[in-house]
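Chain and residue survey
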Amino acid sequence: MNTDKIYAEQIANEYAAKEASKVKALKRLDAKAKNPANIFTYTFGVVSSLVLGVGMCLAMGVIGGGTALMMGLGIAVGCVGIVGVGVNYPLYKKILTRSKSKYAADIIKLATEIANEE
């Protein structure tokens, strides 16, 4: 086997014009349907966790001086964080369902075209 020939073919394939395939288009549509839900969920989850953490720190007296007022504020802020973390998954499912229904017709059409090509 000539390794130089194999290497040359790999380099040539890297620079050759790429033809658009239906499978790549299907993957792009699938990602386009799922990305909004994923981005929102990760962002909202991180923010809610941070709010919960700040509430815990206030309630335990790590920040805020440890007064009774700060403890009450910490409990309130922590509860807001807990609610945010708790509703994150249902919000994700709702956004994902809405986004999937938006692209469902195109994805199904393209998937059936791919399946029927043989």
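So, a few notes on the structure that sits alongside this text. Source: prediction; values computed, not measured.

Counting its secondary structure elements, the protein chain contains three helices and zero strands. Counting from the amino terminus, helix and strand elements in the protein chain follow one another as α-α-α. Expressed as lengths along the three principal axes of its C-alpha atoms, the size of the protein chain is roughly 75 × 40 × 20 Å. Residue burial in the protein chain is summarised as follows: out of 118 residues, 15% are buried. Taking as baseline every contact in the protein chain between residues at least 6 positions apart, the subset at least 24 positions apart corresponds to 75%. Averaged over its 14 positive side-chain charges, the protein chain has a centre that lies 14 Å from the centre of its 9 negative ones.

On the secondary structure map, serine 99 appears in helix H3 (residues 68-116). Those residues in contact with serine 99 that lie beyond four places of it in its chain are Lys32, Ala33 and Pro36.

Turning our eyes to something else, we now look at the pattern of salt bridges. Counted under the stated rule, the structure contains two salt bridges. Lysine 22 is the salt-bridge partner of glutamate 113, the closest N and O atoms lying 3.2 Å from each other. On the criterion of sequence distance, the pair formed by glutamate 113 in helix H3 and lysine 22 in helix H2 (residues 22-60) is long-range, its members being 91 residues apart. Look at lysine 22 and you get partly exposed, because its relative accessible area is 34%. In this structure, the salt-bridge partner of lysine 34 is aspartate 30, at a minimum N-O distance of 3.4 Å. Here lysine 34 pairs with aspartate 30, and both are found in helix H2, just four residues apart, close to one helical turn.

Taken together, the side chains of Val54, Met56, Met60, Val62 and Ile63 present a nonpolar region at the surface, about 480 Å² in accessible area. Position of isoleucine 63 relative to the elements: it lies in the loop between H2 and H3. The class for isoleucine 63 is partly exposed, based on a relative accessible area of 39%.

A few words on the side chain of asparagine 88. By the secondary structure assignment, asparagine 88 is in helix H3. Look at asparagine 88 and you get buried, because its relative accessible area is 11%. Setting aside residues up to four positions removed in sequence, asparagine 88 forms contacts with Thr41, Phe44 and Gly45.

Quick look at the packing of aromatic side chains now. Summed over all chains, the structure comprises two aromatic pairs. Consider the rings of phenylalanine 40 and phenylalanine 44, whose centres lie 5.4 Å apart with planes at 10 degrees: the pair is stacked. Note that phenylalanine 40 and phenylalanine 44 are positioned in helix H2 at a spacing of four residues, about one turn of the helix.

Parameters and conventions
- Residues numbered from 1 in each chain as written.
- Predicted model: local features only at pLDDT ≥ 70, side-chain atom pairs only at ≥ 80, totals over all residues.
- Heavy atoms only, no water.
- Helix = DSSP H or I, 4+ residues; strand = E, 2+ residues; numbered from the N terminus.
- Buried < 20%, exposed > 50% of the residue type's maximum accessible area, 1.4 Å probe, protein only.
- Contact = heavy atoms within 4.5 Å.
- Lys, Arg positive; Asp, Glu negative; His and termini not counted.
- Charge placed at Lys NZ, Arg CZ, Asp CG, Glu CD.
- Salt bridge = Lys/Arg side-chain N within 4 Å of Asp/Glu carboxyl O.
- Patch = residues over 30% accessible without salt bridge, like charges linked within 9 Å, V, L, I, M, F, W, Y side chains within 5 Å.
- Areas by Shrake-Rupley, 256 points an atom, 1.4 Å probe, with all protein chains shown as cover.
- Phe/Tyr/Trp six-rings, centres within 6.5 Å; stacked < 30°, edge-to-face > 60°.

Don't take any of this as a statement about function, it's just geometry.
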